[in-house]
Amino acid sequence: MSIFSDLGARLASIVWRRREEREMDEELRFHMDMEAEQARRAGASPDAARRRGMIALGGVERTKEEVRDARGTRVLDDTMRDVAFSVRTLLRAPAVALVVIVTLALGIGGTTAIFSTVDATLVKPLPYQEPGQLVRLYEGSPGEANPHGFVSPTMFLAYRERLSSFEHLAAGYTYDDRGADIGADGRPERIHVLSITAGYFATLRRPPAMGREFEPNEENGAPSVILGHQLWVDRFHASPTALGAELVMDGRPYTVVGIMPGAFVDPLRPGADAYTPLDMTPGLDPSNIDNHYLTVIGRLRPETPLPRAQAELDAVRVSLGREYADARRTAARLYSLKEDMVGPASRALELVLGAVGLVLLLVCVNVATLLLVRASARAHEFALRAALGARRSRLLRQMLVESLVLALAGDALGLVVARAAMSGIVRLGAGSVPRLSALSLDPTLLLFSVAITTASAVLFGLTPALRAVRTDPIDALRGEDRALAGSRGHNRVRSALVTAQVALAFVLMVGAGLLLVSFHRLRSLDLGVDTDHALVFELHLPDARYDSTARAAFYEDIASRIAHLPGVRAAGGVSKLPATGEYHEWGTVPVTGPNVGRTHANLGAQQRIVSGDYFRAAGIPVLEGRAFDARDAAGTPKRAIVSTLAAEKLFPGVDPIGQRLRTGGFEWEVIGVVPDVSVNAEGDREPTIYHAHAQFAGDRNWAITQIVSTSGPPQGLIPLIQRTIAERDPQLVMYRPMSLADAIGAGTAQRKFTLVILVCFAAVAVLLAALGLFGALAYAVKLRSREFGVRMAIGAERGTIRRLVLRQGLVVTVAGIGIGLVGFAAFARVMSSLVFRVRPLDPSVLIGAAAIILVVGAFAAYLPARRATAVDPRTILQ
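Residues numbered from 1 in each chain as written. Predicted model: local features only at pLDDT ≥ 70, side-chain atom pairs only at ≥ 80, totals over all residues. Heavy atoms only, no water.

Counting 94 residues, the largest nonpolar core has Tyr200 and Tyr275 as its most contacted members. For Tyr275, the residues in contact, after removing those within four places along its chain, are Leu194, Ile196, Tyr200, Phe201, Phe214, Ser224, Val225, Ile226, Met260, Phe264 and Asp266. (Core = buried A, V, L, I, M, F, W, Y, C linked by side-chain atoms within 4.5 Å. Buried < 20%, exposed > 50% of the residue type's maximum accessible area, 1.4 Å probe, protein only. Contact = heavy atoms within 4.5 Å.)

Right, let's talk about a nonpolar patch on the surface for a bit. A surface patch of nonpolar side chains, about 330 Å² in accessible area, is lined by Leu98, Val102, Leu413 and Val416. Contributions of two or more residues to the nonpolar patch are made by helix H6 (94-123) and helix H14 (392-429). You can see Val416 is positioned in helix H14. (Patch = residues over 30% accessible without salt bridge, like charges linked within 9 Å, V, L, I, M, F, W, Y side chains within 5 Å. Areas by Shrake-Rupley, 256 points an atom, 1.4 Å probe, with all protein chains shown as cover. Salt bridge = Lys/Arg side-chain N within 4 Å of Asp/Glu carboxyl O. Helix = DSSP H or I, 4+ residues; strand = E, 2+ residues; numbered from the N terminus.)

In this section: the packing of aromatic side chains. One pass over the structure, following the stated rule, counts 20 aromatic pairs. Between Phe201 and Phe264 the ring centres are 5.8 Å apart and the planes differ by 75 degrees, which places this aromatic pair in the edge-to-face class. Of the two residues, Phe201 is situated in helix H8 (residues 200-204) and Phe264 in the loop between strand E8 (252-259) and strand E9 (274-277); the sequence distance between them amounts to 63 residues. A residue is classified by how much of its surface remains accessible, and Phe264, at 12% relative accessible area, is buried. With a centroid separation of 5.9 Å and an interplanar angle of 25 degrees, the aromatic rings of Phe696 and Trp702 are classed as stacked. Taken individually, Phe696 and Trp702 each receive the classification buried, so the pair is uniform in this respect. Through successive ring pairs, a cluster of aromatic residues spans Tyr128, Tyr200, Phe201, Phe264 and Tyr275. Lying over the aromatic face of Tyr173, Arg178 brings its terminal NZ or CZ to 3.9 Å of the ring centre. (Phe/Tyr/Trp six-rings, centres within 6.5 Å; stacked < 30°, edge-to-face > 60°. Lys NZ or Arg CZ within 6 Å of the ring centre and 35° of its normal.)

Attention shifts here to the pattern of salt bridges. The full count for this structure, using the stated rule, is 25 salt bridges. Residues Asp543 and Arg551 are paired through a salt bridge, measuring 3.4 Å at the closest nitrogen-oxygen approach. What makes Asp543 exposed here is its relative accessible area of 53%. Judged by relative accessible area, Arg551 falls into the buried class, the value being 6%. If you follow the salt bridges from partner to partner, you end up with Arg626, Asp629, Arg631, Asp632 and Arg639 in one network.

Quick look at the packing of helix H27 (residues 798-832) against helix H28 (residues 843-870) now. Interaxial distance between H27 and H28 falls to 8 Å at its minimum, and their mutual angle equals 150 degrees. Comparing their axes, H28 and H27 come out roughly antiparallel. The two elements H27 and H28 meet at a crossing, and its hand is right-handed. In contact with Arg798, Ile801, Arg802, Val805, Leu806, Gly809, Leu810, Thr813, Val814, Ile817 and Leu821 of H27, H28 contributes Leu846, Ala850, Ile853, Leu854, Gly857, Ala858, Ala861, Tyr862, Ala865, Arg866, Thr869 and Ala870. Considering only residue class, the contact of H27 with H28 consists of 16 nonpolar, four polar and three charged. (Axes fitted to C-alpha atoms, helices over the stretch in contact; angles between N-to-C directions. Parallel < 35°, antiparallel > 145°, perpendicular 65-115°, else oblique. Left-handed = near helix turned anticlockwise from the far one by under 90°. Nonpolar A, V, L, I, M, F, W, Y, C, P; charged D, E, K, R; others polar.)

Its place among the elements puts Ser518 in helix H18 (residues 488-523). The contact partners of Ser518, leaving out residues within four places of it in the chain, are Val835, Phe836 and Val838.

In structure tokens:
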């Protein structure tokens, strides 16, 4: 027989195993019948003839084993029988098996999902060629430790011309979220647009898939557009004829000059639908020398380290300082582009990574505890099987197979958990965690998690079997209780494992508690506006159809129309919603009052442009003077309303009403004072100056966000408001309608992301610790059931027995809390940057976490104690 024929026969015996076994049975029965027939012909009785036939064959099962050995499939046959036996054994005690499988699945799924998230956001390089050469340039105050301000057009052009360390330097407009309305026939839609300079895609080394990128002569706001891949597919059906075609945006025709590849992800504005050229015409904006609104990225030349480029930038700024006063008042700093993109989320992700590491450790400890308890309870079974002749290798293999069956079931379920967890992370972290769109299940990380947990299951599943095979079966059978209980050393190991579980759960519980308190305090802040029953949405008016006069009239008119809708209390608009970030911080000086001419009175004040009945719609009362009305139309003297903080700094000790200030190139008369409102979700307040849009519409096309105060749930008014806008102009889009609370809540999205994940991990940790404590105590109670029966039979109270078991559980729990407290003290510094108005070692949080762990531990100990005393002592003794 050739080697291939031999392999074919072996493979056939595996694939068609049942047929091969049936044929072997028939063949052996034939030979046995032949031997029996010969015996009968020789005069033997039927029974004796059959017995001689079996003796001549040498035993049916033994012959079968020899045949299987000859086939080389015996190991496989034995393994399959072991698997079947393991499954039956596990099904006889499904609770323990299910807990182990679910524990493994939670560990594998959670670990893989978080590891994949951290890998996709923090570890993987940016998806551009030579990503290490990409940097971002910021400006800020000279004394600022980490300046993160925008760059003025004048400074950008100077940098691009004079810096030799850069292969390319480009800018984009990300000061606010720009867009454009496209479409017609009553079906307008709004797309995301990023305005960029020439060389933007060359900087990233990701040129358009078709066509070209913008050229320097188009940096004058030329009507050219580069389409994102999805917009090209949606609007032009992926046709190459789109190049050179016309796309009307905000009523203005643009010529398509390029189409980006489908896999391109923009680093400044992920999800951008289209790109238009920035207008960098010198002198376009009277204040573009000191007006900072550009985001600048660059690619360093090869072999140019970041410190050398920073040194050249510093030197160039010295020379620029001799030409521009703004260069003397600011500093510039370079950062790695990747560090800049993921930096704000890195601390939260590192904390989550640490938490999942604790959970993974907890899973391993819990699996070890449960398998040690389960296998220790089978010590008598192993001793009996050994006494009956089972080989030690056979026992070890059986336990190995059982452990692998559990591990494989946990691995399969863990894959499902990982997929579900990753989907949840993407939804939860959208908008607050960068680069989540690249999140995918990494096979390497999955294998790592599977290897760790499987090794834990196999190691601790085999440990009791190893101990059993070293024990003399006779000794084990003589002293059943002693054999089952194991040595004191083994008991100490189990207690140590449970204590470690409680300590890990306590650390996670305290971390989650701190974030929960921080989040509650954030949500409880008085932001100075009424977020209840307030709807907000954007309404953009295209320059092509609305000049400044038309824009001013439209915003006043639409606010008036909406205010008269049923269920609406007031309506107005503002250039930047309260508590959603800083915006347009302009230098402001008093023209009248006691601080005139004093340098310290010059303020960097937030500027807000408002329309309609904004203050009433936002729930901001007018403390002094009056709000804007028809007396503040275009052409009338310019008037402003100031916040309390601005009034105190600009006009201390005098009535601010009637005083005058200068900002934005104009003088303004103060006609009213309103309370300070927060500029961000963390409650920070800054001096704020409000201007009437009707008087300031000519400065620029202000993107006014509308705010509508309602008497009921605001979402129900969306269709009615959409019809009202369509009656006024059917080509406008009611963009991103949402409640004011949701708009402000976006500022706390990253904290919410960390909080939700950490709370989930803490809940899992407490559950695992409770299961571990319950398993260990239940096993201890089972071992001592005879002792408890005797004590109750001679008069011991059931309560005494229960208190004894409870005390054992609480001792382990308290020890775990103590160790966890020490561990968290070392962990507290990491938490300090993530909590809000709460100390990392806040006593109330520590006491609360300890109380929860104690209650859970007491409950986990009470069940075995109740079971120990629920049985009649006579039943136990019998």
